[in-house]
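# Observations on the three-dimensional arrangement
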Amino acid sequence: MGSSFVPTVMDLAYLAGTALFIFALYWMNDPKTARRGVFAGVAGMTLAVVGTLLAPGLVNWEWIAVAVVLGFAVGIPLSRVPLTAVPQRTALSHAFGGLAAGLVGVAKYYLWLAESPEQLTHFRMFAISAEVILGFLTLTGSLMAAGKLQEVKWIPQRPVTYPLQNASNLLLFAIAIVCGLLMVIDPIGYSYLFPVIIVLALAFGVLLIIPIGGADMPTVISLLNSYAGLAAVAMGFVLDNKLLIVAGALDGSSGLILSIIMCKAMNRSFSNVLFGAFGQVQAKAVGVEERTVKSETPEGAAQVMEQASRVVIVPGYGMAVAQAQHRVRELYDILTKKGVDVKFAIHPVAGRMPGHMNVLLAEADIPYDHLVEMDDINPEMGQTDVVLVIGANDVVNPAARHDKSSPIYGMPIIDADKARMCLAIKRSMNPGFAGIENELYFSESTYMLFGDAKAVVGELVKALSGGGGGH
Amino acid sequence: MGSSFVPTVMDLAYLAGTALFIFALYWMNDPKTARRGVFAGVAGMTLAVVGTLLAPGLVNWEWIAVAVVLGFAVGIPLSRVPLTAVPQRTALSHAFGGLAAGLVGVAKYYLWLAESPEQLTHFRMFAISAEVILGFLTLTGSLMAAGKLQEVKWIPQRPVTYPLQNASNLLLFAIAIVCGLLMVIDPIGYSYLFPVIIVLALAFGVLLIIPIGGADMPTVISLLNSYAGLAAVAMGFVLDNKLLIVAGALDGSSGLILSIIMCKAMNRSFSNVLFGAFGQVQAKAVGVEERTVKSETPEGAAQVMEQASRVVIVPGYGMAVAQAQHRVRELYDILTKKGVDVKFAIHPVAGRMPGHMNVLLAEADIPYDHLVEMDDINPEMGQTDVVLVIGANDVVNPAARHDKSSPIYGMPIIDADKARMCLAIKRSMNPGFAGIENELYFSESTYMLFGDAKAVVGELVKALSGGGGGH
Amino acid sequence: MRRRVLFGILLLWACASTFASEPAAAQATGGSSYMPLLYVFMLGSFIGFGVITRVSRLLHTPLMSITNAISAIAVVGAILVAGPTHPPIITILGAVALFASMTNIVSGFLITDRMLKMFKTDKGQK
Amino acid sequence: MRRRVLFGILLLWACASTFASEPAAAQATGGSSYMPLLYVFMLGSFIGFGVITRVSRLLHTPLMSITNAISAIAVVGAILVAGPTHPPIITILGAVALFASMTNIVSGFLITDRMLKMFKTDKGQK
Ligand SMILES: NC(=O)c1ccc[n+]([C@@H]2O[C@H](COP(=O)([O-])OP(=O)(O)OC[C@H]3O[C@@H](n4cnc5c(N)ncnc54)[C@H](OP(=O)(O)O)[C@@H]3O)[C@@H](O)[C@H]2O)c1
Ligand SMILES: NC(=O)c1ccc[n+]([C@@H]2O[C@H](COP(=O)([O-])OP(=O)(O)OC[C@H]3O[C@@H](n4cnc5c(N)ncnc54)[C@H](OP(=O)(O)O)[C@@H]3O)[C@@H](O)[C@H]2O)c1
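Residues numbered from 1 in each chain as written. Chains lettered and ligands numbered in written order. Predicted model: local features only at pLDDT ≥ 70, side-chain atom pairs only at ≥ 80, totals over all residues. Heavy atoms only, no water.

## Quick look at the overall build of chain C
Keep this limit in mind: Strands here are runs of E lasting at least two residues and helices are runs of H or I lasting at least four, both read from the DSSP assignment and numbered beginning at the N terminus. Think of it in three bands: with a 1.4 Å probe and only protein chains considered, a residue is buried below 20% of the maximum accessible area for its type, exposed above 50%, and partly exposed in between. Contacts: residue pairs with any heavy atoms within 4.5 Å of one another.
Each helix and strand counted, chain C has five helices and zero strands in total. For chain C, the N- to C-terminal ordering of α and β elements is α-α-α-α-α. With 126 residues in all, chain C has 67% of them scored as buried. A separation threshold of at least 6 residues defines the contact pool for chain C, and within that pool the share at least 24 residues apart is 61%.

## Observations regarding the packing of helix H9 (residues 242-265) of chain A against helix H3 (residues 60-71) of chain D
Test applied: Axis lines are fitted to C-alpha atoms, over the contacting stretch for helices. Their N-to-C directions set the angle, which ranges from 0 to 180 degrees. Put simply, angles under 35 degrees are roughly parallel, angles over 145 are roughly antiparallel, angles from 65 to 115 are roughly perpendicular, and the rest are oblique. Rotating anticlockwise by less than a right angle from the far helix to the near helix defines a left-handed crossing, while the corresponding clockwise rotation defines a right-handed one.
Between H9(A) and H3(D), the least distance of the axes is 9 Å, while the angle of their chain directions is 150 degrees. Here H9(A) lies roughly antiparallel to H3(D), going by the angle between them. As H9(A) packs across H3(D), the resulting crossing turns out to be left-handed. Residue-level contacts link Ala247(A), Asp251(A), Ser254(A), Leu258(A) and Ile261(A) of H9(A) to His60(D), Leu63(D), Met64(D), Thr67(D), Ile70(D) and Ser71(D) of H3(D).

## Observations concerning the domain arrangement of chain A
Basically, it comes down to this: Segmentation of the chain into domains, including their bounds, is taken from an automatic or database domain assignment.
Domain assignment breaks chain A into domain 1 (1-80), domain 2 (91-280) and domain 3 (298-465). Once you take the C-alpha centre of each, domain 1 of chain A and domain 3 of chain A turn out to be 42 Å apart.

## Section: the interface of chain A and chain D
Going by this rule: The term buried area means the drop in 1.4 Å probe accessible area that two parts suffer when joined, counted for both and summed. Salt bridges are defined by distance alone: a side-chain nitrogen of Lys or Arg within 4 Å of a carboxyl oxygen of Asp or Glu. Two N or O atoms form a polar contact when they lie within 3.5 Å of each other; inside protein one atom must be a possible hydrogen donor and the other a possible acceptor, and for residues adjacent in sequence the pair counts only when both atoms belong to side chains.
Listed per partner, the contact involves 111 residues of chain A and 91 residues of chain D. Here chain A meets chain D over a buried area of about 9,100 Å², counting both sides, of which 78% is carbon and sulfur. Considering only the side of chain A, the residues that lose the most area to chain D are Met28(A), Arg35(A) and Met45(A), jointly responsible for 7% of the buried surface there. Taking the shortest distance from any N to any O, the salt bridge between Arg35(A) and Asp113(D) comes out at 3.1 Å. Between chain A and chain D we count 17 residue pairs in polar contact (both at pLDDT 80 or more) in total.

## Examining the site of ligand 2
All names here are of chain B. Operational definition: Throughout this document, a residue counts as near a molecule or strand when at least one of its heavy atoms sits within 4 Å of that molecule or strand. Each accessible area value is a Shrake-Rupley result obtained with a 1.4 Å probe; residue values ignore everything except the protein chains displayed when judging cover. Basically, the charged four are Asp, Glu, Lys and Arg, the nonpolar ten are Ala, Val, Leu, Ile, Met, Phe, Trp, Tyr, Cys and Pro, and anything else, Gly included, counts as polar.
Taken together, 29 residues sit near ligand 2, with Asn393, Asp394, Arg427, Ser428 and Phe433 positioned nearest. Between an oxygen atom of ligand 2 and a main-chain N or O atom of Gly351, the distance comes to 3.0 Å. Relative to its unbound accessible surface of 910 Å², ligand 2 loses 96% to contact with the protein. Take the shell around ligand 2: its biggest share by element is three residues, from helix H12 (residues 317-322). Among the residues making up the shell around ligand 2, the classes are represented as 15 nonpolar, nine polar and five charged.

## Considering the pairing of strand S2 (residues 341-346) of chain A
Residue and element names in this part refer to chain A. Basically, it comes down to this: For two strands to pair, DSSP has to find at least two bridges joining them. Handedness of a crossover is defined as follows: orient the strands so they point away from the viewer, and if the path from the first strand over the helix to the second runs clockwise, the crossover is right-handed.
Taken together, the four bridges between strand S1 (residues 310-315) and S2 define a ladder with parallel strand orientation. The residue bridging Val312 from the neighbouring strand is Lys343, located in S2. One ladder, built from three bridges, connects S2 with strand S3 (residues 371-373); its direction is parallel. Pairing of Phe344 across the sheet is with Leu371, part of S3. Between S2 and its parallel partner S3, the chain crosses via helix H14 (residues 356-363), and the hand of that crossover is right-handed.

## Regarding the pairing of S1(A)
Residue and element names in this part refer to chain A. Most of S1 sits out of view: six of its six residues are buried. Burial along S1 is two-sided: Arg310, Val312 and Val314 facing one way and Val311, Ile313 and Pro315 facing the other are all buried. The sheet contact formed by S1 and strand S4 (residues 386-390) spans five bridges and is parallel. Bridge pairing in S4 links Val311 to Val386.

## Quick word on helix H8 (residues 217-239) of chain A
Residue and element names in this part refer to chain A. The following threshold applies: A helix's residues, less one, multiplied by 1.5 Å, set its expected span.
The first and last C-alpha atoms of H8 sit 32 Å apart over 23 residues, in line with the 33 Å expected at 1.5 Å per residue. Most of H8 is tucked away, with 21 of its 23 residues classed as buried. A positive phi of about 60 degrees marks Asp240, the residue just after H8.

## Quick word on the sheet that holds strand S6 (residues 446-450) of chain A
Residue and element names in this part refer to chain A. Sheet architecture is open: six strands sit in the order S3-S2-S1-S4-S5-S6, paired in parallel fashion. The two strands at the open ends of the sheet, each matched to only one other strand, are S3 and S6. Averaged over all pairs of adjacent strands, the angle between their axes in this sheet comes to 25 degrees, without regard to strand direction.

## Quick word on the confidence of the model for chain C
Close inspection of predicted coordinates is inappropriate in any region flagged by low pLDDT. Residue and element names in this part refer to chain C. We count it as follows: The quantity known as pLDDT measures the predictor's confidence residue by residue, on a range of 0 to 100.
Scored by pLDDT, chain C has a mean of 77; 71% of the residues are at 70 or more. Residue range residues 9-32 is modelled with pLDDT below 50. Its contacts to residues more than four positions away, or to other chains, number 38 contacts. Scored as a complex, the prediction yields pTM 0.86 and ipTM 0.86.

## Some points on empty space enclosed by the protein
To keep things clear, this is the line we draw: Definitions used throughout: a 1 Å grid over protein atoms alone; a cavity as a set of points that fits a 1.4 Å probe which cannot get out; a pocket as an open set with protein on both sides within 12 Å along at least five of seven lines; a lining residue as one with an atom within 4 Å of a point. Grid points are joined across faces, edges and corners, and a volume is the space filled by probe spheres set on the points.
In the structure shown here, the tally under the stated rule is 10 cavities of 30 Å³ or more. Put simply, the largest cavity is a space of about 180 Å³. If you go around the largest cavity, you meet 20 residues; those closest to its centre are Ile346(B), His347(B), Pro348(B), Asn358(B) and Arg57(C). Breaking the lining of the largest cavity down by element, the ones donating at least two residues are helix H9 (242-265), helix H14 (356-363), strand S3 (371-373) and helix H15 (374-377) of chain B. Class assignment for the residues of the lining of the largest cavity results in 12 nonpolar, five polar and three charged. Considered as a void within the structure, the second largest cavity measures approximately 150 Å³ in volume. In terms of lining residues, the second largest cavity is bounded by 19 residues, among which Ile346(A), His347(A), Pro348(A), Asn358(A) and Arg57(D) are the most central. Looking at the lining of the second largest cavity, the elements that each hand over two or more residues are H9, H14 and S3 of chain A.

## Regarding the site of ligand 1
Residues and elements named next belong to chain A. Asn393, Asp394, Ser428, Phe433 and Asp452 are the nearest of the 28 residues found near ligand 1. Val349 is positioned such that a nitrogen or oxygen atom in its backbone is 2.9 Å from a nitrogen atom of ligand 1. In this structure, an oxygen atom belonging to ligand 1 sits 3.0 Å away from a main-chain N or O atom of Gly351. Coverage of ligand 1 by the protein amounts to 97% of the 920 Å² it exposes when considered alone. With three residues, helix H12 (residues 317-322) is the largest single contributor of residues to the shell around ligand 1. When residues of the shell around ligand 1 are assigned to domains, at least three fall in each of domain 2 (91-280) and domain 3 (298-465).

## Some thoughts on the packing of aromatic side chains
To be explicit about the condition: Pairing of aromatic rings covers Phe, Tyr and the six-membered ring of Trp, with a centre-to-centre limit of 6.5 Å; geometry is then stacked below 30 degrees between planes, edge-to-face above 60, and tilted otherwise. Over a ring means this: the NZ of a Lys or the CZ of an Arg is within 6 Å of the ring centre and within 35 degrees of the ring normal.
Scanning the entire structure with this criterion turns up 26 aromatic pairs over all chains. Put simply, the rings of Phe123(A), Phe237(A), Tyr34(D) and Phe41(D) touch in pairs and so form one group of aromatic residues. Between the NZ or CZ atom of Arg36(A) and the centre of the ring of Trp27(A), over which it lies, the distance is 5.0 Å. Sitting over the face of the ring of Tyr447(B), Lys294(B) holds its NZ or CZ atom 4.9 Å from the ring centroid.

## A closer look at helix H2 (residues 31-53) of chain B
Spanning 23 residues, H2(B) covers 34 Å between terminal C-alpha atoms, matching the ideal 33 Å at 1.5 Å per step. Between a side-chain oxygen at the N-terminus of H2(B) and the backbone nitrogen of Lys32(B) the separation is 2.9 Å; the capping residue is Asp30(B).

Following this line, the structure appears as structure tokens:
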């Protein structure tokens with residue numbers, strides 16, 4: 001009973017952990033059950049860790065304890081980053097995930113090579129190669145992505161291109177694959193190729209990210225999430241562990257689906273994101289004929305909104321940068337109190353990560369049932385008195401609907417131009433992410449409110465509360 | 001390469017078969033892709049069969065060929081039954097499924113017992129017991145259900161009850177379980193218990209169905225589907241075959257979910273269906289005060305419908321029995337041609353199996369996008385001029401909404417009573433499935449059209465086409 | 001509904017794992033060989049619940065007949081019993097099982113397709 | 001969307017099974033031992049696609065961080081490398097991997113919960 005019983009407890013812990021992870025993601029389908037999902041995830045992870053610690057033959061308890069304590073020491077501060085830094089944090093943590101997968105693969109390979117080479121079957125070697133390539137590629141790729149997002153000085157934000165870039169990257173990748181295949185054929189004889197694979201994977205991660213603009217990073221991060229998941233799957237194949245395989249497959253599909261959703265909402269293809277060097281054309285798009293722009297004072301805007309019966313607020317990346325969400329909340333409160341019907345229109349790729357606006361507005365305690373998705377709010381736009389655009393640009397650019405030459409042509413947008421009046425808060429007439437002008441801001445019915453989003457919304461609130469007077 | 005290669009082809013065929021079965025059910029989510037689903041199912045099954053035929057050591061090709069040919073010979077006619085007989089056919093085929101699972105379990109047990117008793121591990125024996133119990137229980141249970149549905153003479157339609165029925169059934173089942181457990185503990189020593197288990201399972205299948213009324217059979221059939229699936233799962237555990245396990249799990253969940261849906265739509269619980277002996281109270285429900293019923297001639301009804309602008313047709317079990325769907329199609333055509341807006345209101349448990357009305361109306365070529373689900377049509381009932389109830393009863397009984405003492409209280413219904421006028425086709429004032437009177441038929445605004453559904457609808461059509469005259 | 005489904009999954013899984021721990025404790029060798037099967041069962045049930053709850057109400061009758069056909073996958077076991085050299089009685093059991101499964105496969109898929117062919121929109125076929 | 005997802009599943013699966021057939025042909029013994037793992041992978045991917053496509057758009061940011069935490073399941077491998085008696089260099093690799101995974105677990109779950117706590121309806125908490 002004694003020693004044969006422990007593996008069974010471990011097996012059951014893994015089985016239960018697998019089910020809990022599935023429930024964790026299942027419960028994320030609704031904000032009401034989502035926190036239960038986190039609980040299930042934590043429970044699953046705890047079962048997995050405890051089950052593993054029951055494995056026979058573990059002795060290096062000090063090492064384990066130190067690593068765990070350090071993990072907590074670094075992990076807790078990392079979980080407290082401001083919401084605007086969440087993309088970077090996510091990238092960084094994919095780097096950690098890649099590192100862990102890669103290191104385990106390396107350790108397992110050399111262990112088997114030294115102690116029991118017969119364990120290195122072709123299949124295992126295939127799995128180890130996949131794990132190591134995916135792991136190290138994710139490591140450097142995610143570090144680059146995090147750097148670009150954090151706007152670290154020595155990592156160029158703009159896409160860097162050079163002649164034959166895609167061809168040489170492909171060549172490099174092909175070499176790594178060939179080395180991997182050789183090792184699969186003879187895991188022991190070709191053991192000297194193993195470090196080569198590692199170096200190639202590390203280099204490939206860097207080269208893959210260099211030609212991608214900082215602004216495309218969210219899509220890339222999602223893909224890297226997928227790779228990190230697949231690395232965990234490969235590790236599962238190496239260690240013959242089904243929990244790892246399922247958890248990895250869940251992540252792999254999550255990353256893939258989120259990046260597909262982002263690509264679709266931007267009306268771009270994967271290959272365009274990865275190899276299109278999007279964002280470098282930005283500089284060219286100046287020099288069109290001068291057009292007139294009307295601007296308005298916060299006081300005037302406040303008056304208009306006060307008299308409206310339906311106001312729709314369209315938040316964008318600018319609101320996130322300015323951290324204006326709490327002021328927006330005040331604006332929402334005061335308008336609602338004055339009897340104005342206020343809704344938020346959320347574009348799927350507003351901001352810089354999927355669901356970005358939702359979290360920000362939720363942070364400011366705005367009830368999530370007032371956040372309306374693009375497809376649901378667009379039909380109501382015609383009956384809206386005032387649209388207030390706060391730091392959004394591409395997601396309200398009507399060119400996406402009709403200008404076939406525009407780089408964002410075909411991307412679904414929020415029809416802010418169809419409302420009776422549009423107020424737009426931004427600091428200048430500079431373009432947004434896609435680097436193109438927005439004709440909405442030159443339209444008859446649009447009035448600009450120039451300035452930082454936080455400051456302008458603050459003034460709106462002041463004007464509204466000062467002005468007093470019921471509706 | 002030679003012999004070690006074949007199992008791999010088999011493995012891959014099974015893997016692909018598993019994926020295809022999942023896609024088959026996935027594609028059933030939409031009528032547009034559903035036929036592709038059947039194709040995937042057939043492909044998966046073909047792969048499974050061909051993969052198995054490649055297994056080494058098969059010699060009895062004549063037996064296999066004969067069985068396959070006979071299977072086709074019986075299967076093809078069975079697939080041509082009229083749609084009204086589909087419930088019976090389904091029950092019969094669950095019986096076949098249970099039989100197959102049970103026989104394989106028996107064969108495997110005696111094979112291992114004779115040739116290699118060490119193969120009979122505790123786990124395998126557990127799986128075999130489960131397979132045999134579930135299989136044989138499904139066999140007799142489904143035969144009983146098919147008999148009740150087909151109204152075979154020597155199987156009583158009404159629930160049969162006797163004192164201590166549930167207790168004695170439970171006792172029987174407990175004995176079977178104990179025998180099974182004893183065999184798990186010592187598969188060889190207790191081998192004489194194996195026939196006992198078989199007999200108990202066969203008996204239990206009969207006893208389980210006896211107390212259930214013929215009209216509750218659809219729910220029971222769905223549950224038996226679930227059991228047949230679980231029997232396949234058990235067989236998968238016995239044979240160490242993952243394809244069987246997945247396919248069985250898919251069926252198991254399908255049966256369970258469909259029966260849950262039915263129970264919910266009838267506002268009853270599982271235990272009420274299984275042990276409630278529903279339907280035996282029917283005889284008591286007579287003797288209420290005589291109330292007046294208005295009736296109408298087909299000609300009068302035709303005139304009313306011709307002048308209406310919105311007509312909603314509520315089909316029920318009576319339409320299925322009378323095979324009136326083709327006449328209903330003619331009625332639909334002629335009314336539509338006269339400019340009347342005609343919709344069908346489909347209650348989830350109208351008829352005798354889930355989706356019954358949809359198939360019948362589809363058979364009569366009525367476009368499925370004109371079939372509206374209960375929840376979607378109810379809000380429109382107030383603006384409907386005429387509701388035509390064709391052989392439905394319980395699904396339009398307003399007592400379900402307000403009469404707490406009614407056995408169907410709480411069951412969601414189609415609000416036919418809220419329309420300006422209601423026309424109801426049935427043969428008499430007899431109650432429907434639940435055996436209770438329907439106050440709708442005594443209401444101010446209801447006019448009865450007595451007669452067989454097919455005949456009455458035919459007369460309506462005649463009156464409408466004869467009457468001529470645009471709208 | 002969702003609750004009940006979750007409950008069902010948990011129940012199935014709890015039963016499976018309870019029984020699983022028992023024989024493993026009793027037999028020291030190969031005690032974990034059935035674990036992969038349990039995983040497959042658990043994951044298959046999750047997929048089943050996910051896929052079936054998405055099926056259109058319109059198609060519940062064809063759904064019943066297609067799952068019916070799929071559960072005839074017992075044909076695999078029947079072939080493996082009927083095929084190899086065995087005492088005749090075993091071969092007969094296998095052949096009967098094979099006949100029964102084959103009947104279900106043929107009639108199940110054919111009737112499903114027959115029903116599905118009937119579903120049309122205004123714009124004609126499909 | 002649906003098409004692409006299906007395509008993704010098929011692709012993953014095709015890759016997996018292609019590679020799977022190769023080592024099996026080369027080594028006669030235990031050639032099928034990895035099949036259960038392939039099944040688990042395939043079924044897990046199906047579940048992943050099914051579950052993730054149902055996640056509310058509202059929660060895509062927390063979704064990214066919770067999957068992030070879950071992919072730190074690599075912790076299992078890290079413990080199994082760091083724990084047993086091995087040459088020190090291996091233990092160090094394992095410990096670093098353990099540290100990295102532990103960081104992801106802690107920060108991933110904490111930040112997800114922090115974000116989810118913010119989502120409220122009009123009727124207050126939850
Ligand atoms: N969400 C995602 O998952 C995701 C992923 C990848 C790519 N993207 C892309 O990101 C873009 C998102 O569109 P978006 O409309 O939200 O943003 P955007 O097009 O990048 O525009 C942001 C606007 O905010 C203004 N702004 C910046 N800082 C501000 C401040 N402090 N105060 C006020 N205004 C400020 C900027 O104009 P000024 O400089 O004049 O102030 C700019 O025009 C889309 O093109 C989308 O394709 C999104
Ligand atoms: N669909 C499912 O999955 C399912 C499963 C289990 C139980 N059920 C139960 O079945 C019932 C279905 O409700 P329902 O309203 O469809 O049917 P119903 O309540 O059984 O009523 C059918 C009515 O049709 C009439 N009828 C019978 N033959 C006829 C003919 N040849 N011509 C004209 N009328 C005829 C009968 O009245 P006359 O005898 O006076 O003509 C009867 O009142 C529900 O109570 C439901 O709970 C359904």
